[in-house]
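As a plain string of letters, each chain reads:
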Amino acid sequence: MLDDFQDVSRAFGEVASSSHIGFTVQAYRYGYEDTPEYGSIIVVNCGELLVVGVVVGSEMTPAPGLPATPTPMRATRKEVAERYPDLEGRFLDIYRAVSVGYYVNGRFFYSRPRRKPLIHDLSYIPSNNFIKEFHRGSEGYTLDYYPLILHAVDRSEINPFSDVYFAYLADKFTPEERVQLYESLSASLAKWSDEASITDLLNLARRRLMEA
Amino acid sequence: MKQTFARIVGGSLGAGLKAQLLRGFSPEKVRASSVVAMEGGEAKFLGVISDIRLQSGSEIARSLVRQEEEGNAPMSSAIVKSASKLKAQGSFTSELDVIPLAISRGDEVEIADTLPDYISFVRSPTEEDVQTFYGLPDGKKLWPIGALKSPVVGGSQSSLVPVNIDVLARGSFGIYGKSGSGKTFLGNILASYIILANYTGELQKKIKLLIFDMHSEYGLKVKDHLGRDYEDGVGLAFKEEFIRYTPDHLLADESGLEPFTISASRITVSDLFAMADALGLTPTFLDILPAVVRVLNDTLPGKRWIDIFCNYGVDKEADTRVREALKSLGAGALQSFLAARNRLERLTQMDFIDWVGEEDSSKVVVDEVLKRGKSVILSFGRYGDNRAAYMLVANIVSRRLWDGCIRMIMQRQPIDYRVIILLEEAHKFLSPSVYYMTPFGDIARELRKRGVILCVIDQRPSEISEEVRAMLWNTFVMWLTEDSDVEVASKGLPFPKLFRPVIENLRRQEVLVFGEAVTIPAVVKAQDYKDTISRLKKVYREVCVKRRGDAASLQGY
Amino acid sequence: MLNSKLTQSAIREKVDLLIRDAKGYPDIVDVVAEVYGRFRSASEVRGILEDVSLSEYREVALPLEDSQCVEPPMDVGDFEPSGSGWARRALEGNVVIGLDTSEILPSIHRSPAFLLVNTGYSMITYCGESKYLEGCRPYFYPYGEILEKFCEVGSFSAPSWAAEVIRMECESDTLTELCSKMGGVSPFVLFDESFSALYLTARSSTHRQKVVERLKKMLLDLVRSGVTSVGAFYTSSSAFVAMIRKCFAGDQQNWRIRDSALFKRILRLGWRSPAFRVRNEVIEESNLRIAAFYVKTGVDSVIRVEFPEEMFQRVADIHRVVVAQSALGGGYPYVMQRAHEQAYIKPGERRWVLDYLNRLLAESGLRDAVKVTRKEMRKIVGVV
């Protein structure tokens, strides 16, 4: 498993900041094909462990020291790239992720890692196989880690994020597997989070995992 | 087997304890109104579960249910599995409300004066617990009322909770319960124990029973809940101990009961007052009743006023004179009299009233109870549903009994027996409005020290005068639903408010018993009547065989 | 610190003069523009100006083309970046490099003295999918090294021209490295400096000589390498106006206007003046041949473009590249803006250099080795 995340050329970016809750990754390039989606899983190679994060935010801003408002171009992406190929170096494409688990000694754990990623650690977009393995619990596919996201994301963001994330998961799993994910959700939410948010989340999960 | 299923998580002595079910233990397995043991750090406790509650997880459950739609089997299955996971991890919790009853510190048992500590285990009581807190039946003075209601479904208690018959017979007691709750079964069993205790209990004074058997289930067969004959009542089971009377002379012929007759002469104005409601006599009439009687006696001195009231043997001339005379009592008096007479004429249809002779079974009954060997059962047969008949007979007999006791007291004659009067539909005699008009009130107040007590059997205890209820030393409460009845029935219990849900949750044959005759309140499931009576008959036969040689030494036997 | 109240009153005292100049200025520009309309033949003008004394005119422009204004060699549209699609097309097939430098000069306020030259570069390849390479390269010279390199034995102070010469050496070195990555393609290199070096007039002759010598070498090397070197800058020169005055106004008028003011008025966006040979004292001394033109790159933006006269046949390409770059940069060549960013040493970074030096020297046992005068310190931390 660790070997999949050793090739530097396959990394999409590096950790730019980090804490016990999560981390941000600055992407090397900002094309869609080179970067993770909002509401997707990314992995950071932290040496002896892999930290699994979920992208809960992303933003693109001019690099420090540059004018805050980019000059209007009125050109397509391709045209902009042809005129200003150096623009890539002038923007920061940042992905903010919440740590939802880690892989060490041959198994996955659904809790915050005790060691945070370090700045410059390489970050990868994992394969579908890895994503499925991450969700494979002892009693079937599970979303046991979900409350970690809720505790790190602003309340107003929870629903829109969850909608996207469940749709993302739905693409990765078969219908039977999705049912298992759904079944695990209420128990994992009840363990950690306040009950008021559970209804909305179950609604969203039902629409995306059970009815899609 | 000690089955632990909860732990104490809070509460107070006044408000009751809170216990949380252990994770994975379904609330469906727990019974309300059952008795539990609690293992404190330094003492053992007994308590009663008064309420069961789904405590936390309600929001999650609602959230889950909102996801379900009819006919969507996969969704339903997912919800069930989700719920299963939630239960397993303790997201759904259930709580019990437990009333602390008693505490056992070593050998000492007393009413709970403190609480078990946090996290104390809550479990099913064991045989040892029952023995510690209640003692064991000994077949002498202590007779089994039933097994403690097990808190866990599927669990059962073998040890039986005893009631002290000797203590029970020292003061009036009540048996409360809705129709069909098992009062009559219980009354018959208690009566049977009293009969046997007379032989085995080494009682200072033997106990006699005077049973006003409204539905003939003491004197004949006890009925099941469908009204079918089920088993011998106490009068049939222990025939030798009873004289069974009945005012229903047809029944007497059929079933070998003694016909009960009262002379019309024995009917008093007080009896009419007591029967007023049953007879439909208006308050207006009752106001002028004594004056009317006076006028009637003055007008027709050779005639009994009751005959005139009931229009028995009153010719036309006499009737005219009566009408004229009644005019002197004012406008409306005649109309009231005539209206009342219409109702009172019903008495002439009661064939146990002797309008001609002076035959009076009530004296025989009272003599038997106070002086001779046997107990008496008055089974009312077809008059069981005739309130007026029931009240008339009960009033007359009890007045006779009262008079008899007073006379013996005045004559300084000892009353050699303790007498328990079992009175069904007791509120008809003991409600606040008539209590002072019937002899039963006097008996309850004045004759306890002479050993004459009441057993009030009723489904509306709230309608019994508070004064009478305050005199009850023991109470057997079966299923009640009316708030007023539940409130009244719970008085006398420690923490009466906490017991209300316990009473409301009692089922058929379940009894909450408290008072002097049990060490601490208990909720028991009464034993099967048939098995019990069968066993008791066997005991009786053994006892009788044993004592045949000594029968003469037994008082009255 | 500026006392705003006193400053306001000082300005108000002379504001009438300002208003007079400002109001009069456009009129003079109109007059010059009208007179310029008489220009027809470059050779005729050159004939008049080749021998004119430079004591009278610091600098004159000798036209090399007969046109009064030259249109751009391609269709130009909007000069805003949002309309610069044509500019990208115009650059297809070219490699353009912007080069700039920034220095920390030796100062009497700091010891030990040192020179730090930071060259900044931005190279963009406009061949199909555009690629870029940008960065900076620092060059560090302790004062002793400067002395060794440029001073006579026994001298304790470095000559005034040393820093400039070193700067050009650094530029050359950086360019050499960049060119080695180009795989045979000949780039355009845009410098933010004047090849005609009029500013050297105020320097000593030795200074001028040394600097121009190095400049010539650099330009020659670049020409030989196939590099098209272009200096593009804003100037207050009035060489072209001097030419008009001398040749078409009877030398009577004392027009004090800049070339850029004239060409702001008469040029359209993307158009240029006729190319001209620059004639000033520095060039005359050094035998350098520099050609130039003015080009309008914005509503209020006219820059002067200089290049070695040997490259005159490429003037149309130079015009195209400068105009296209200026459109991409919103009025100033894009690669030069990027090169400047790379070269610029921020004040914080200057302080960091001193701190770093201090730490490094402290590791060798020299505590507080870097001394800064009180005057310099006050600039950094203030008096109290």
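Residues numbered from 1 in each chain as written. Chains lettered and ligands numbered in written order. Predicted model: local features only at pLDDT ≥ 70, side-chain atom pairs only at ≥ 80, totals over all residues.

1. Concerning the overall build of chain C
- For chain C, the helix and strand inventory stands at 13 helices and 11 strands.
- Within chain C, the fraction of its 384 residues that count as buried is 38%.
- Taking all contacts inside chain C whose residues are at least 6 apart in sequence as the whole, residues at least 24 apart take part in 71%. (Helix = DSSP H or I, 4+ residues; strand = E, 2+ residues; numbered from the N terminus. Buried ≥ 20, exposed ≤ 12 C-beta atoms within 10 Å, placed from the backbone. Contact = placed C-beta atoms within 7 Å.)

2. Comments concerning the overall build of chain A
- Along the backbone of chain A there are 6 helices and 9 strands.
- Here chain A, with 212 residues, has 41% of them falling under the buried criterion.
- Taking the contacts inside chain A whose residues are at least 6 apart along the sequence as the reference set, 76% of them involve residues at least 24 apart.

3. Describing the sheet that holds strand E21 (residues 474–477) of chain B
All names here are of chain B.
- Taken together, 12 strands build an open sheet; the order of strands is E9-E8-E23-E22-E21-E10-E20-E19-E11-E18-E14-E15 and the sheet is mixed. Single-partner strands in this sheet number two, and they are strand E9 (160–164) and strand E15 (258–259).
- Examined bridge by bridge, strand E8 (residues 142–148) and strand E23 (residues 522–525) share 2 bridges and lie antiparallel to one another. Bridging from a neighbouring strand, Ala 147 pairs with Lys 525 of E23. (Pairing = 2+ DSSP bridges.)

4. Re unusual backbone geometry
- Although it is not a glycine, B:Ile119 sits at a positive phi angle of roughly 65°.
- Following the sequence through the fold, B:Ile119 ends up in the loop between strand E6 (108–111) and strand E7 (121–123).
- Judged by C-beta crowding, with 10 C-beta atoms within 10 Å, B:Ile119 ranks as exposed.
- Phi at C:Ala197 takes a positive value of approximately 50°, unusual for a residue other than glycine.
- Within the fold, C:Ala197 resides in the loop between strand E6 (188–191) and helix H6 (205–224).

5. Comments concerning the packing of helix H5 (residues 183–200) of chain B against helix H20 (residues 529–547) of chain B
Residues and elements named next belong to chain B.
- H20 packs onto H5 with a crossing angle of 15° between their chain directions and a minimal axis gap of 10 Å. Considering their axes alone, H5 and H20 lie roughly parallel with respect to each other. Note on packing geometry: the crossing formed by H5 with H20 is left-handed. Seen from H5, the contacting residues are Phe 185, Ile 189, Ser 192, Leu 196, Tyr 199 and Thr 200; seen from H20, they are Tyr 529, Thr 532, Ile 533, Leu 536, Val 539, Tyr 540, Val 543 and Arg 547.
- Of the residues in the contact of H5 with H20, the class split is 10 nonpolar, 3 polar and 1 charged. (Axes fitted to C-alpha atoms, helices over the stretch in contact; angles between N-to-C directions. Parallel < 35°, antiparallel > 145°, perpendicular 65-115°, else oblique. Left-handed = near helix turned anticlockwise from the far one by under 90°. Nonpolar A, V, L, I, M, F, W, Y, C, P; charged D, E, K, R; others polar.)

6. A closer look at the pairing of strand E14 (residues 242–246) of chain B
All names here are of chain B.
- Most of E14 is tucked away, with 5 of its 5 residues classed as buried.
- Side chains of E14 alternate between two faces, with Phe 242, Arg 244 and Thr 246 and Ile 243 and Tyr 245 buried alike.
- As paired elements, E14 and strand E18 (residues 375–379) share 4 bridges and run parallel to each other. When the sheet's bridge partners are listed, Ile 243 is paired in E18 with Val 376.
- Running through helix H7 (residues 249–255), the crossover from E14 to the neighbouring parallel element E15 is right-handed. (Right-handed = clockwise from strand over helix to strand, strands pointing away.)

7. Quick look at the interface of chain A and chain C
- Residue-level contacts link 12 residues of chain A with 15 residues of chain C.
- When the residues that make up the side of chain A that touches chain C are grouped by side-chain class, the tally is 5 nonpolar, 2 polar and 5 charged.

8. Some points on helix H10 (residues 315–328) of chain C
Residue and element names in this part refer to chain C.
- Over its 14 residues, H10 extends 20 Å from the first C-alpha to the last, a length consistent with the 20 Å expected when each residue adds 1.5 Å.
- Counting buried positions along H10 gives 12 out of 14 residues, so the element sits mostly inside the fold.
- Of the residues flanking the end of H10, it is Gly 330, one or two places downstream, whose phi is positive at about 70°. (Expected span 1.5 Å × (residues − 1).)

9. As for the nonpolar core
- Core analysis: the biggest nonpolar cluster contains 172 residues, and B:Ile194 and B:Leu423 have the highest contact counts within it.
- Examining the composition of this core, we find that 12 residues originate from one element, helix H14 (residues 387–410) of chain B, more than from any other.
- Beyond its immediate sequence surroundings of up to four residues, B:Leu423 is in contact with B:Phe212, B:Ala394, B:Phe429, B:Phe440, B:Leu454, B:Cys455, B:Val456 and B:Ile457.
- Core analysis: the next-biggest nonpolar cluster, separate from the first, contains 93 residues, C:Ala87, C:Met123, C:Cys170 and C:Tyr332 among them. (Core = buried A, V, L, I, M, F, W, Y, C linked by C-beta atoms within 7 Å.)

10. Some details on the interface of chain A and chain B
- Each side of the interface is counted separately: chain A has 16 residues, and chain B has 15 residues.
- Those elements that place two or more of their residues in the side of chain A that touches chain B are helix H5 (175–192) and helix H6 (198–210) of chain A.
- For the side of chain A that touches chain B, the element with the most residues is H5(A), which contributes 8 residues.
- Among the residues forming the side of chain A that touches chain B, the class breakdown is 8 nonpolar, 4 polar and 4 charged.

11. Some words on the sheet that holds E6(C)
Residue and element names in this part refer to chain C.
- What the 9 strands build is an open sheet, ordered E1-E8-E9-E10-E7-E6-E2-E4-E5; its pairing is mixed. Two strands close off the open sheet at either side, each with one partner strand: strand E1 (59–63) and strand E5 (131–142). Geometrically, the sheet is characterised by an average inter-axis angle of 30° between neighbouring strands, direction not taken into account.
- When E6 meets strand E7 (residues 228–233), the two strands line up parallel, connected through 4 bridges. Within E7, the residue paired with Phe 188 across the bridge is Thr 228.

12. Quick look at the pairing of E8(B)
Residues and elements named next belong to chain B.
- By the criterion of burial, E8 is predominantly enclosed, with 7 of the 7 residues buried.
- Of the pairings in the sheet, the one linking E8 to E9 comprises 5 bridges and is antiparallel in character. By the bridge assignment for E9, Ala 147 is matched with Leu 160.

13. As for the packing of helix H2 (residues 42–49) of chain C against helix H7 (residues 239–248) of chain C
Residue and element names in this part refer to chain C.
- Running from N to C, H2 and H7 cross one another at 85°; their axes reach a closest spacing of 10 Å. Overall, the two elements H2 and H7 adopt an arrangement that is roughly perpendicular. Every residue of H7 that contacts H2 at Val 45, Ile 48 and Leu 49 is listed here: Met 243, Lys 246 and Cys 247.
- The residue inventory of the contact of H2 with H7, partitioned by class, reads 5 nonpolar, no polar and 1 charged.

14. Overview of the confidence of the model for chain A
- When pLDDT is averaged along chain A, the result is 91; 97% of the residues meet or exceed 70.
- Per-element averaging of pLDDT across chain A places helix H1 (residues 77–83) of chain A at the bottom with 88 and strand E3 (residues 41–45) of chain A at the top with 98. (pLDDT = per-residue confidence, 0-100.)

15. Points about the environment of B:Phe5
Residues and elements named next belong to chain B.
- With respect to the secondary-structure elements, Phe 5 resides in strand E1 (residues 4–12).
- Measuring from C-alpha to C-alpha, the distance between Phe 5 and Gly 24 comes to 9.4 Å, with 19 residues separating the pair along the chain.
- Non-local contacts of Phe 5, meaning those with residues more than four positions away in its chain, are made with Leu 21, Leu 22, Phe 25, Val 30, Val 122, Arg 123 and Val 152.

16. Overview of the environment of B:Phe185
Residues and elements named next belong to chain B.
- When you line up the elements, Phe 185 lands in helix H5.
- Phe 185 gets classed as buried once you count the C-beta atoms within 10 Å, which come to 27.
- Non-local contacts of Phe 185, meaning those with residues more than four positions away in its chain, are made with Val 222, Ala 526 and Tyr 529.

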